[in-house]
Amino acid sequence: MNRSIKRPIELAGFSSRLARAEKLEEGLAVTGERYDTVLDDIDDQHAALRDHVGSLEKQRSDLDKILDRMGARSNGGPNGGGESSSGSTEPPVGQVITSETKTEG
């Protein structure tokens, strides 16, 4: 099958268009690779943040438990700050003790 080109001048413009399209394809491939690299980095950073948030949530939960236990003590639990359960006869902190001294005269 033999074809003849009827308009060689119009087809001559296609060679520069083809070269431009090939250059554009190469540029798109480079941009696509860079884009994929950035997305991979973002995925890795997101995973690290997700793990970090999980550990922070656990730490918050542990602190909440500690604070709840501390609050329970001050509301009548052991070592709550009221009367001592050890049977000590020492006066509570803050009590003023006075003594009278007799003088002979």
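Just above, that's the structure.
What you see is a predicted model; the values in this text were computed from it and never measured. (Residues numbered from 1 in each chain as written. Predicted model: local features only at pLDDT ≥ 70, side-chain atom pairs only at ≥ 80, totals over all residues. Heavy atoms only, no water.)

**Student:** Looking at this structure, how should I read the overall build of the protein?
**Tutor:** On a plain count of helices and strands, the protein comes out with one helix and zero strands. With 105 residues in all, the protein has 0% of them scored as buried. In the form shown here, the protein has an accessible surface area of approximately 10700 Å², with 54% of it arising from carbon and sulfur atoms. (Helix = DSSP H or I, 4+ residues; strand = E, 2+ residues; numbered from the N terminus. Buried < 20%, exposed > 50% of the residue type's maximum accessible area, 1.4 Å probe, protein only. Areas by Shrake-Rupley, 256 points an atom, 1.4 Å probe, with all protein chains shown as cover.)

**Student:** I'm lost on the packing of aromatic side chains in this one. Help?
**Tutor:** How two aromatic rings sit relative to each other is set out by the distance from centre to centre and by the angle between their planes. Within this structure, the stated rule accounts for zero aromatic pairs. One residue, Arg 17, lies across the ring of Phe 14, its end atom 5.2 Å from the ring centre. (Phe/Tyr/Trp six-rings, centres within 6.5 Å; stacked < 30°, edge-to-face > 60°. Lys NZ or Arg CZ within 6 Å of the ring centre and 35° of its normal.)

**Student:** Would you mind showing me how to read the pattern of salt bridges here?
**Tutor:** If the charged atoms of two oppositely charged side chains come close together, the side chains can form a pair. One pass over the full model with this rule turns up one salt bridge. Among the salt bridges present, the one from Asp 62 reaches Lys 58, with a minimum N-O distance of 3.1 Å. Separated by four residues within a single helix, Asp 62 and Lys 58 lie in helix H1 (residues 8-74), roughly one turn from each other. Classification of Asp 62 as partly exposed rests on a relative accessible area of 32%. (Salt bridge = Lys/Arg side-chain N within 4 Å of Asp/Glu carboxyl O.)

**Student:** Is there a simple way to explain a negative patch on the surface in this structure?
**Tutor:** Taken together, the side chains of Glu 33, Asp 36, Asp 40, Asp 41, Asp 43 and Asp 44 present a region of like negative charge at the surface. Positionally, Asp 36 belongs in helix H1. (Patch = residues over 30% accessible without salt bridge, like charges linked within 9 Å, V, L, I, M, F, W, Y side chains within 5 Å. Lys, Arg positive; Asp, Glu negative; His and termini not counted. Charge placed at Lys NZ, Arg CZ, Asp CG, Glu CD.)

**Student:** Would you take a moment to explain a nonpolar patch on the surface for this structure?
**Tutor:** Taken together, Tyr 35, Val 38, Leu 39 and Ile 42 make up a surface patch of nonpolar side chains, about 380 Å² in accessible area. Along the chain, the position of Tyr 35 falls in helix H1.

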